[in-house]
Amino acid sequence: MTLGAIILATLAAGIGSVWVAALLMGLGKGQGAGIMPQRLLSLAAGALLATAFMHLLPEAFESHADAHDLFIVLLVGLVFFFLLSKAELWHHGHEHGTPQVHHGHHHAHGHEHAHDGDHSHHHGSGWAVLTGDSVHCFGDGVLIASAFLADMRLGLIAAISVLAHEVPHHMGDIVVLRQSSSNRRTALIKVSMAGAVTTLGGVVGYFLVGQLHELLPYFLVVASSSFIYVALADLIPQLQRRLSAGETAAQVGWLLLGITMVTLVGRMAHHAH
């Protein structure tokens, strides 16, 4: 009975949040198609940074895990995602016969005219987001499972709060993945598959909740490192083009909106607990 509830709740939270995010983004598509991707990039960067700094890291550091160890995991995670995107670039360059050289290309090219080098660059960030997302969703699944094992009502609250705080975050993921793949549906399927890992976390958590509970802070930190890396190494550099004062203000506004959305939803979820 409890296992069934965990599976249903983790599916709803994991995949439901991705579809709600895609739906909300679909509604926002009508206005100024050229400006919208830039604004969504700002929103995505804000949402990813806030998810890491306002939600995952505090939760990891509130645990009994050693802070020094958690910082080591964070550092290793950042270096790992850097190497992952390097490997993608290197592989992509060799496929074309010559390694692609990146000289501040984001400043020179509008994003719509992305050339091959750009494309491979986003492949790296796409993988970083998916890896971080899967780890994060697995952790969410374990959290939901442990809440259900404590109390059915608490489990439902945990599942609803995971669903809610994942929506702005998944909007960020979809933006990143839409840049790395030409097909919009592929981006949605990939993020949905990462979301489905929540159920895997729930099932594994049901059987191993005691042991996994110890590792949860480390899951949270690894997921954080991928979101911080993608926001700072991939999204923000694209926003550093010379823009008019009005466009810059809009960019900062959307960045702050991403941060505010995640923070507010996180607060509400925290109070619900």
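Everything that follows concerns the structure shown earlier in this document.
Cut-offs and rules
Residues numbered from 1 in each chain as written. Predicted model: local features only at pLDDT ≥ 70, side-chain atom pairs only at ≥ 80, totals over all residues. Heavy atoms only, no water. Axes fitted to C-alpha atoms, helices over the stretch in contact; angles between N-to-C directions. Helix = DSSP H or I, 4+ residues; strand = E, 2+ residues; numbered from the N terminus. Parallel < 35°, antiparallel > 145°, perpendicular 65-115°, else oblique. Left-handed = near helix turned anticlockwise from the far one by under 90°. Contact = heavy atoms within 4.5 Å. Nonpolar A, V, L, I, M, F, W, Y, C, P; charged D, E, K, R; others polar. Phe/Tyr/Trp six-rings, centres within 6.5 Å; stacked < 30°, edge-to-face > 60°. Buried < 20%, exposed > 50% of the residue type's maximum accessible area, 1.4 Å probe, protein only. Expected span 1.5 Å × (residues − 1). Bend = angle between axes of the 7 residues up to and from the residue.

### Describing the packing of helix α6 (residues 152-180) against helix α7 (residues 184-239)
Two elements in contact, α6 and α7, have axes whose closest approach is 6 Å; the angle formed by their N-to-C orientations is 50°. Judged by the inter-axis angle, α6 sits oblique to α7. Helix-helix and strand crossings are classified by hand; for α6 and α7 the assignment is left-handed. Seen from α6, the contacting residues are His 169, His 170, Asp 173, Ile 174, Val 176, Leu 177, Arg 178 and Gln 179; seen from α7, they are Arg 184, Ala 187, Leu 188, Lys 190, Val 191, Phe 227, Val 230, Asp 234, Leu 235 and Gln 238. Of the residues contributing to the contact of α6 with α7, the split by class is nine nonpolar, four polar and five charged.

### Structural notes on the packing of aromatic side chains
Per the counting criterion, the structure on display carries four aromatic pairs. Between Phe 61 and Phe 71, the aromatic rings sit 5.0 Å apart at their centres with planes inclined by 45°, giving tilted as the arrangement. Of this pair, Phe 61 sits in helix α2 (residues 35-61) while Phe 71 is found in helix α3 (residues 67-95), placing the two residues 10 residues apart along the sequence. Aromatic side chains Phe 138 and Phe 219 sit 5.2 Å apart centroid to centroid with 65° between the ring planes, which places their arrangement in the edge-to-face category. Residue Phe 138 is located in helix α5 (residues 116-150), and its partner Phe 219 is located in helix α7; the two are separated by 81 residues in the primary sequence. Look at Phe 138 and you get buried, because its relative accessible area is 13%.

### Considerations on α6
In this model α6 runs 40 Å from its N-terminal to its C-terminal C-alpha over 29 residues, within 8% of the 42 Å that 1.5 Å per residue would give. Where α6 bends most, the angle comes to about 40°, and this point is Val 167, followed within four residues by the proline Pro 168.

### Considerations on α7
Look at α7: only 22 Å from first C-alpha to last across 56 residues, short of the 82 Å you get at 1.5 Å a residue. Its axis deflected by about 105° at Leu 208, α7 carries its strongest bend there.

### Quick look at the environment of Leu 243
With respect to the helices and strands, Leu 243 occurs in the loop between α7 and α8 (245-272). Contact partners of Leu 243, with chain neighbours within four places excluded, come to Thr 248 and Gln 251.

### Side note on the environment of Phe 148
Note that Phe 148 resides in helix α5. The exposure class of Phe 148 is buried, given its relative accessible area of 5%. In this structure the C-alpha to C-alpha distance between Phe 148 and Leu 3, which are 145 residues apart in sequence, comes to 8.8 Å.

### Some points on the side chain of Gln 251
Note that Gln 251 resides in helix α8. Judged by relative accessible area, Gln 251 falls into the buried class, the value being 13%. Sequence-distant contacts of Gln 251, defined by excluding residues within four places in its chain, comprise Gln 38, Ser 42, Leu 239 and Leu 243.

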